[in-house]
Amino acid sequence: MQIDSAVLYMIVKKLKEKLDSCQVRQVHQIDNRIMDLELFCQDGDIVSLIINTYNPPLLYLTGRAKNRKQYSPSQTFCMTLRKYLEGSRLSRIEQADMDRVVSLSFDRIEAGSEIVTRTLWVELLPASPNIVLTEGNTIIDACLRGKKLDRLLVPGETYSLPGRSARMDFMKFNKAEIKNILDFSKNEDIPLDSWLFSKFNGFSRYLADELAHESRVPADLSLSSMTEEEENRVVTALCALSSAIAKSDVLYIYKNEKGKKSASPIPLHMMKQEPEKADVLPFIEKEAESGAGSISQAVQDYKKQLHTLIKREERKKRKIHVKSCIVKRRSIMSEFKLTTVEEFEEATARLLETGAKVGADAWQFRVKNQTPHCKFGEQGVCCRICDM
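Everything numeric here is computed off the predicted structure, so don't read it as measured data.

Student: Let's hear about helix α2 (residues 76–85): which residues, and what values?
Tutor: Considered for burial, the residues of α2 that qualify are Phe77, Cys78, Thr80, Leu81 and Leu85. Seen along its axis, α2 keeps its buried residues to an arc of 155°; they face one direction. Opposite the packed face of α2, turned more than 90 degrees from it, sit the exposed residues Thr76 and Lys83. Check the buried side of α2 and you find it contacts β1 (23–31), β2 (34–40), β6 (101–109), β7 (115–123), β8 (130–135) and β9 (138–142). Directly beyond the C-terminal end of α2, a positive phi value near 90° is found at Gly87.

Below, the structure written as structure tokens:
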């Protein structure tokens with residue numbers, strides 16, 4: 001499930017409540033793009049803050065014990081995080097101007113009793129997710145180094161927020177200020193929803209449609225043709241939406257006709273369906289570690305590779321069938337370089353290994369762990385457990 005800025009606002013709000021002044025015990029990596037920060041909380045809980053830079057990217061908290069023996073060996077970025085963050089205290093969590101960027105500030109007493117603050121920037125933008133560690137404005141290291149659009153993310157360079165950061169946080173403005181911003185744009189021949197997306201962070205398609213619904217102003221209405229009354233309704237609805245998000249304490253979950261979930265910090269009246277309420281952190285954790293969650297992205301990648309291999313072999317077999325009347329079997333095998341059973345088994349083993357790392361389930365694991373052994377499958381029938 002894709003996380004928008006408004007849902008991230010709720011995640012950050014709940015993380016602030018749970019992780020106030022917690023201590024970094026250890027840093028691990030699930031693989032080179034998923035980091036696991038083990039934290040000791042004020043209430044005595046030990047939790048893991050998982051930062052995932054696969055697409056869709058995600059930041060979530062889990063209290064479930066991880067089998068770290070199945071994690072990938074630590075690489076450069078993970079070792080850097082260990083060096084600079086282990087033993088430090090998490091002093092601040094902020095969302096950057098309602099964008100999909102979160103800053104985690106860590107304080108640690110260094111030599112000479114000096115308190116040094118370092119910041120971990122978690123960039124959850126689908127186009128270019130990343131994790132960047134800085135001290136002051138200087139980059140110490142980045143999970144994914146290199147040139148990203150107009151930024152150079154390598155050690156020693158000056159850190160800057162991702163592009164389009166000139167957009168504003170609509171929740172920081174009062175009614176009069178929003179009215180002034182709208183008045184300044186009244187001469188632009190631009191639809192209301194496009195204006196919202198260009199001026200403010202935090203607006204998903206759902207929130208823009210909800211604003212249009214509540215203000216009774218069409219989302220595609222041009223600002224230049226908007227009346228004074230319509231303008232006032234938009235401003236009022238925008239302030240009400242901002243207030244509702246700030247006061248919200250749960251997520252509202254909606255499903256489309258295909259069963260795909262979407263989350264919102266406020267009830268969406270334009271959806272015309274009763275939403276399911278969910279606690280923020282448990283819901284995000286469940287989605288992340290489910291088969292459809294972003295934590296299983298590596299597993300999904302291997303599945304795609306297997307699917308591609310199967311399709312490729314099917315095409316080769318069709319070609320073989322055409323030539324089978326005139327070409328001997330031995331020469332066919334040599335010409336088309338068919339994938340062997342061993343190669344398929346090796347790909348399956350890699351898939352299972354990655355699935356074990358991220359906590360994904362598979363029938364092989366269930367059979368191995370089953371005691372006493374079930375005889376249903378041998379008799380040609382299956383129970384609901386195997387069906388899962």
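Structure's up, so let's keep going.
Student: Got a sec to walk through the packing of helix α5 (residues 205–215) against helix α6 (residues 228–247)? Specific residues and values, please.
Tutor: It is the contact of α5 with α6, at a shortest axis distance of 9 Å, that shows an interaxial angle of 125°. It follows from the interaxial angle that α5 and α6 lie oblique. Handedness of the α5/α6 crossing: right-handed. Along the contact surface, α5 presents Leu207, Leu211, Glu214 and Ser215, while α6 presents Arg233, Val234, Ala237, Leu238, Leu241 and Ile245. Residue composition of the contact of α5 with α6, grouped by class: seven nonpolar, one polar and two charged.

Student: Any chance you could break down the pattern of salt bridges for me, citing the residues and the numbers?
Tutor: With the rule as written, the count across this model stands at 23 salt bridges. For Lys16, the salt bridge identified is with Glu94, shortest N-O distance 3.5 Å. Taken together, the residues Lys16 in helix α1 (residues 5–18) and Glu94 in strand β5 (residues 89–95) connect sequence positions 78 residues apart. Put simply, Glu313 and Lys316 hold a salt bridge, and the shortest N to O gap is 3.6 Å. Within this pair, Glu313 and its partner Lys316 are both found in helix α8 (residues 297–323), separated by three residues, close to a single helical turn. Taking the relative accessible area as the measure of exposure, Glu313 reaches 6% and is therefore buried. One network of salt bridges, with partners in common, ties together Lys179, Asp183, Lys186, Glu228 and Glu231.

Student: How would you sum up the state of the cysteines? Please name residues and give values.
Tutor: With the rule as written, the count across this model stands at zero disulfides. Unpaired in terms of disulfides, Cys22 finds its nearest cysteine sulfur in Cys41, a separation of 5.3 Å. The exposure class of Cys22 is buried, given its relative accessible area of 0%.

Student: If you had to explain the sheet that holds strand β15 (residues 261–264) to someone new, which residues and values would you point to?
Tutor: Strand order in this open sheet of three strands is β15-β14-β16, and the pairing throughout is antiparallel. Each having just a single partner strand, β15 and β16 (276–278) make up the two edges of the open sheet. Each adjacent strand pair in this sheet contributes to an overall mean axis angle of 35°, direction not counted. Here strand β14 (residues 251–255) pairs with β16 via three bridges, running antiparallel. Note on β16: the bridge partner recorded for Leu251 is Ala278.

Student: Summarise unusual backbone geometry; cite the residues concerned and give the values.
Tutor: Backbone torsion omega between Asn55 and Pro56 reads 5°, so that peptide bond is classified as cis. Within the secondary structure, Pro56 sits in the loop between β3 (46–52) and β4 (58–62). Look at Ser21: it is not a glycine, yet its phi comes out positive at around 60°. A positive phi angle, close to 60°, is found at Arg216, a residue other than glycine. Position of Arg216 relative to the elements: it lies in the loop between α5 and α6.

Student: Help me get a handle on the nonpolar core, residues and values and all.
Tutor: In terms of nonpolar packing, the biggest core is built from 55 residues, with Leu19, Leu104, Leu120 and Ile284 touching the most fellow members. At six residues, α1 tops the list of elements feeding residues into this core. Ignoring any residue separated from it by four or fewer positions in sequence, one finds Leu19 in contact with Leu39, Cys41, Val47, Leu49, Leu61, Leu90 and Ile93. Leu192, Leu207, Ala208 and Val217 belong to the second-largest nonpolar core, a separate cluster that totals 32 residues.

Cut-offs and rules
- In this numbering scheme, every chain counts its residues from 1 along its sequence in written order.
- Where local features are concerned, this predicted model is filtered to residues with pLDDT of at least 70; where side-chain atom pairs are given and counted, the filter is 80 or more; whole-chain, interface and lining totals use all residues.
- The side-chain quantities take in all heavy atoms of the structure and omit both hydrogens and water.
- Burial classes: relative accessible area under 20% of the type maximum marks a residue as buried, over 50% as exposed, and values in between as partly exposed (1.4 Å probe, protein chains only).
- The numbering of helices and of strands both runs from the N terminus, where a helix is a DSSP run of H or I of at least 4 residues and a strand a run of E of at least 2.
- Arc definition: it is the arc formed by the directions from the helix axis to the C-beta atoms.
- Any two residues whose heavy atoms approach within 4.5 Å are treated as being in contact.
- To define axes, lines are fitted to C-alpha atoms, for helices over the stretch in contact only, and angles between the resulting N-to-C directions are given on a 0 to 180 degree scale.
- Any angle that falls under 35 degrees is termed roughly parallel, while one over 145 is termed roughly antiparallel, one within 65 to 115 roughly perpendicular, and all others oblique.
- By convention, the crossing between two helices is left-handed when the near helix turns anticlockwise from the far helix through less than a right angle, and right-handed when the turn is clockwise.
- In the scheme used here, Gly and all other residues not listed as nonpolar or charged are polar, with Ala, Val, Leu, Ile, Met, Phe, Trp, Tyr, Cys and Pro taken as nonpolar and Asp, Glu, Lys and Arg as charged.
- We count a salt bridge whenever a side-chain nitrogen from Lys or Arg sits within 4 Å of a carboxyl oxygen from Asp or Glu.
- Our working definition of a disulfide is a cysteine sulfur pair at a distance within 2.5 Å.
- Between any two strands, at least two bridges found by DSSP are needed for them to pair.
- What we call a nonpolar core is a set of buried Ala, Val, Leu, Ile, Met, Phe, Trp, Tyr and Cys residues that are connected through their side-chain atoms within 4.5 Å.

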